[in-house]
Amino acid sequence: MMQVKGIRSISPYVPGEQPNFSDMIKINTNENAYPPSPAVLDTLKHFDGKSLSRYSSISNQKLKEALAKKYHLQSNQFVIGNGSDEILAFCMLAFFNSKEPILFPDITYGFYKVWADLFHIPYQEVPLKQDFRINFEDYNRFNGGILIPNPNAPTGIYEESPTIETLLKNNSDSVVIIDEAYIDFGGVSVIPLIEKYPNLVVVHTFSKSRSLAGLRIGYAISNPNLIQVLESIKSSFNPYSVDTLSEELSVSAVESQTYYLEINQKIQHTRELFAHKLNQLGFVVLPSKTNFVLTTHPKADMQALFEFLNEQHVFVRFFPTNKRLEQFFRISIGTDQEMLRVTQILEQFLAK
Ligand SMILES: *Cc1c(COP(=O)(O)O)cnc(C)c1O
């Protein structure tokens, strides 16, 4: 075959599998165990499909106003995107343009590295400590920006706001992005720090705590100056990236606070019961403030256990190619019944 020039070679992000069996327990991609709120489903039922002949809103003002009301901020402090994955990509294009490397943990959301490579952004992966916590002292060095998920994924470990505040103070000349994809499962958001630190950008998603992974909505919150730069990036790439239906359903989700508080508290309760049960079975469980746990069993063959679970259509996330994680499972928290069934299967395996 003739060689053509200019073709890019890239290693893409590999998400968890999306198997489809009617009897499966799918706890491998941290989706919410519960459906979207009744108000979201009702808005969907009454959606006027004829409106789709027009382009969607460029400003997403309706959703921004709903969010501004919820967080007691101004609507010009938000930018909306097609999932927080898109927002994070926009953030990297907008804020990580210095010659210094950007910093993020070596064990973290796998997409950060993929974007850095894709956009030719120099980066350093900062090793987590032995106990899988972020070593914040290691971030006191020259950098072109910092990207940290809080809680971190796939560890589930959460850092208190004062720790993040120190990071912001020590790096006042670079943009610090805090990815709060899992903040609604027991953590406290650093959104109140936005007023005090002009270098802070917080990123949220509707995929995890809002049960809307399939809708693809995420957003960034910051001061109007940084938000304006993000809007320019969005307009230079895909101004209509948020579709009309998604915006309308998201507004309903923002307005369903009681429902989401309830299901997300329920998930935290199930998580604590499940972690306790895992401990009883001899598993080591990292402390989690997310809708998943990272766990390993010092005496079990994790590869064999993974296959045993798969045979029974229980799908968890396994990281056999990552040296420090190769013995760990990341298990999303499902319903009480699902986790009870998982516990029984784990017991069966360990009794063999
Ligand atoms: C799931 C996840 C995202 C992506 O969420 P989407 O809004 O579905 O694109 C971003 N960051 C972290 C850490 C995640 O776990």
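Because the structure is a prediction, the values reported are computed rather than measured. (Residues numbered from 1 in each chain as written. Predicted model: local features only at pLDDT ≥ 70, side-chain atom pairs only at ≥ 80, totals over all residues. Heavy atoms only, no water.)

Asks: So what's going on with the packing of aromatic side chains? Residues and values would help.
Replies: With the rule as written, the count across this model stands at 23 aromatic pairs. Taking the centre distance of 4.0 Å and the plane angle of 5° together, the rings of phenylalanine 111 and tryptophan 115 count as stacked. Here phenylalanine 111 and its partner tryptophan 115 are both found in helix 4 (residues 111–118), 4 residues apart, which amounts to about one turn of the helix. Here phenylalanine 111 matches tryptophan 115 in class, with each residue buried. Taken together, Tyr13, Phe104, Tyr109, Phe111, Tyr112, Trp115 and Tyr123 form an aromatic cluster joined through their ring pairs. Residue placement shows arginine 324 over the ring face of phenylalanine 132; its charged tip is 4.9 Å from the ring centre. Here the basic side chain of arginine 330 rests over the ring of phenylalanine 292, its NZ or CZ set 5.8 Å away from the ring centre. (Phe/Tyr/Trp six-rings, centres within 6.5 Å; stacked < 30°, edge-to-face > 60°. Helix = DSSP H or I, 4+ residues; strand = E, 2+ residues; numbered from the N terminus. Buried < 20%, exposed > 50% of the residue type's maximum accessible area, 1.4 Å probe, protein only. Lys NZ or Arg CZ within 6 Å of the ring centre and 35° of its normal.)

Asks: Kindly report on the pattern of salt bridges, identifying the contributing residues and their values.
Replies: By the definition in use, this model includes 12 salt bridges. A salt bridge links lysine 277 to glutamate 347; the nearest nitrogen and oxygen atoms lie 3.5 Å apart. With lysine 277 in helix 8 (residues 257–280) and glutamate 347 in helix 10 (residues 336–351), the pair connects residues that are 70 residues apart, well separated along the chain. With a closest N to O distance of 3.4 Å, glutamate 326 and lysine 323 form a salt bridge. (Salt bridge = Lys/Arg side-chain N within 4 Å of Asp/Glu carboxyl O.)

Asks: An account of the domain arrangement of the protein chain is needed here, citing residue identities and associated values.
Replies: Each assigned domain of the protein chain is listed with its residue range as follows: domain 1 (25–36 + 258–350) and domain 2 (38–44 + 54–255). Centre-to-centre, using C-alpha coordinates, domain 1 lies 26 Å away from domain 2. Every contact between the two is made by 27 residues of domain 1 and, on the other side, 30 residues of domain 2. When domain 1 packs against domain 2, the two sides together hide about 2200 Å² of surface, and 63% of this comes from carbon and sulfur. Linking domain 1 to domain 2 there are 0 salt bridges. Applying the counting rule to domain 1 against domain 2 returns 9 residue pairs in polar contact (both at pLDDT 80 or more). Breaking the side of domain 1 that touches domain 2 down by element, the ones donating at least two residues are helix 8 and strand 10 (292–296). Here the side of domain 1 that touches domain 2 takes 7 residues from helix 8, the largest share from any one element. Looking at the side of domain 1 that touches domain 2 residue by residue, the class counts come to 14 nonpolar, 8 polar and 5 charged. (Domains from an automatic or database assignment. Contact = heavy atoms within 4.5 Å. Buried area = accessible area lost by both parts, 1.4 Å probe. Polar contact = N/O pair within 3.5 Å; in protein donor to acceptor, adjacent residues only side chain to side chain. Nonpolar A, V, L, I, M, F, W, Y, C, P; charged D, E, K, R; others polar.)

Asks: I'd like a description of the UniProt feature "modified residue: N6-(pyridoxal phosphate)lysine" (unreviewed entry) in the protein chain, backed by residues and values.
Replies: Per the UniProt record, "modified residue: N6-(pyridoxal phosphate)lysine" (unreviewed entry) is found at Lys208. By the secondary structure assignment, lysine 208 is in the loop between strand 7 (200–205) and strand 8 (218–221). Excluding its chain neighbours within four sequence positions, the residues that come into contact with lysine 208 are Thr29, Asn30, Asn32, Ala181, Tyr182 and Phe185. (UniProt positions renumbered as here; feature names shortened; annotations may be inferred.)

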